[in-house]
Amino acid sequence: MTDSSSSISKFLSFILRHKPDSIGIELDPEGWANIEELIENANIPLNRAMLFEVVATSDKNRFTVSADGQSIRANQGHSVVVNLGLQPKQPPESLYHGTASRFLESIKQQGLKPQNRQYVHLSHSRNTAISVGQRHGKPIVLTIPALAMNQKGHLFFQAKNGVWLTNEVKPEDLQLSSEDSATT
Ligand code: HQG
């Protein structure tokens, strides 16, 4: 990704996940923004070609353009409440959550909470979890017994880009062991 696409991607994530009102636009209940309006209101240089290029090249497949080409939404990561229409899905046996060591005590006490987002984010790969954790500090990977939780009635969802989502993970469901470090 070029510097310019990366700053457009950050801008789109900020507007489409968190603060559409910061440029005076609204998302519909399913999280879609009108592309014309988004471009008109953008406070960075942006046109349709630039926007479409970022959608097509986003390393994490972060955005979807509607079938009619008129609207765009983020695939996951929202703090604003939107209905992505995700259906509960059976997860694999284990999923991973990457976090920073400084959050561990609090996570042990309270479990994993969505914090500012709509869901707790989980991945099926430990390596992805390590990169996610690194964004916050010294990475730690927690193993989540997703299938066993699902069998107890806890719901899991998978966003269009493969990220797994759930409402929370209670402390008793967290598997904490000496292997939960990211040194491998
Ligand atoms: C932590 C990126 C203390 C949680 C990634 C995390 C991801 C607690 C932080 C997506 C806690 C929230 C999401 C508790 C949770 N006490 N800390 N009880 N419960 N936490 O950024 O999962 O590049 O909101 O462990 O790839 O890091 O943006 O969530 O460290 O999929 O597309 O609170 O963002 O995608 O941080 O990342 P975040 P996340 P993008």
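Residues numbered from 1 in each chain as written. Predicted model: local features only at pLDDT ≥ 70, side-chain atom pairs only at ≥ 80, totals over all residues. Heavy atoms only, no water.

Looking now at the overall build of the protein chain. Check the secondary structure of the protein chain and you find 6 helices and 8 strands. Put simply, the protein chain runs from its N terminus to its C terminus through helices and strands in the order α-β-α-α-β-β-β-α-β-α-β-α-β-β. At 18 Å, the protein chain has a C-alpha radius of gyration in line with the 16 Å of a compact globule built from 184 residues. Summarising its shape, the C-alpha atoms of the protein chain cover approximately 50 × 35 × 25 Å along the three principal directions. Long-range pairs, those at least 24 residues apart, make up 71% of the contacts in the protein chain with a sequence separation of at least 6. Total accessible area on the protein chain stands at roughly 9,900 Å², and carbon and sulfur atoms take up 49% of it. Side-chain charges in the protein chain split into 18 positive and 18 negative, and the spacing between the mean points of these groups amounts to 7 Å. (Helix = DSSP H or I, 4+ residues; strand = E, 2+ residues; numbered from the N terminus. Rg over C-alpha atoms; globule rule 2.2 N^0.38 Å. Contact = heavy atoms within 4.5 Å. Areas by Shrake-Rupley, 256 points an atom, 1.4 Å probe, with all protein chains shown as cover. Lys, Arg positive; Asp, Glu negative; His and termini not counted. Charge placed at Lys NZ, Arg CZ, Asp CG, Glu CD.)

It is worth spelling out a negative patch on the surface at this point. The grouping of Asp21, Glu26, Glu37 and Glu40 at the surface amounts to a negative patch. Tracing the backbone shows Glu40 in helix H2 (residues 35-41). Glu40 sits in the exposed class, given a relative accessible area of 66%. (Patch = residues over 30% accessible without salt bridge, like charges linked within 9 Å, V, L, I, M, F, W, Y side chains within 5 Å. Salt bridge = Lys/Arg side-chain N within 4 Å of Asp/Glu carboxyl O. Buried < 20%, exposed > 50% of the residue type's maximum accessible area, 1.4 Å probe, protein only.)

Ranked by internal contacts, the top residues of the largest apolar core, which has 22 residues, are Phe11, Leu12, Leu16, Leu38, Leu51, Phe63 and Ile72. At the level of elements, helix H1 (3-18), H2, helix H3 (48-57) and strand S3 (71-74) are the ones that each hand at least two residues to this core. In terms of residue count, H1 provides more of this core than any other element does, 5 residues in total. With sequence-adjacent residues up to four places away left out, Leu16 is seen in contact with Leu27, Ala33, Phe63, Ile72, Arg73, Ala74 and His78. Grouped together as the second largest cluster of nonpolar side chains are 15 residues, Leu104, Ile107, Val120 and Leu174 included. (Core = buried A, V, L, I, M, F, W, Y, C linked by side-chain atoms within 4.5 Å.)

For the protein chain, the domain assignment lists domain 1 (3-74) and domain 2 (95-180). Look at where the C-alpha atoms of domain 1 and domain 2 centre, and you get two points 27 Å apart. (Domains from an automatic or database assignment.)

Every buried residue belonging to H3 is among Leu51, Val54 and Val55, and all of these are buried. Taken around the axis of H3, the buried residues stretch over an arc of 100°, which confines them to a single face. More than 90 degrees from the buried face of H3, the exposed residues found are Ala49 and Ala56. Turning to H3, the residues buried within the fold contact H1, H2, strand S2 (63-65) and S3. (Arc of directions from axis to C-beta.)

What follows concerns the sheet that holds strand S5 (residues 120-122). Across the sheet, which stays open at both edges, the 3 strands sit in the order S5-S8-S7 with antiparallel pairing between neighbours. What marks the edges here is a single partner per strand, and that holds for S5 and strand S7 (156-158). Each adjacent strand pair in this sheet contributes to an overall mean axis angle of 30°, direction not counted. (Pairing = 2+ DSSP bridges. Axes fitted to C-alpha atoms, helices over the stretch in contact; angles between N-to-C directions.)

With that settled, the discussion passes to the sheet that holds S3. One open sheet holds the 3 strands; their spatial order is S1-S3-S2, and the pairing between them is antiparallel. Here the strands that pair on one side only, and so sit at the sheet edges, are strand S1 (33-34) and S2. As defined by bridge partners, S1 adjoins S3 across 2 bridges and the pair is classed as antiparallel. Along S3, the bridge assignment pairs Ala33 with Ile72. Those strands touched by H1 are S1, S2 and S3, and its axis lies near 85° from that of S3. Sheet strands touched by H3: S2 and S3. Its angle to S2, the strand with the most contacts, is close to 125°.

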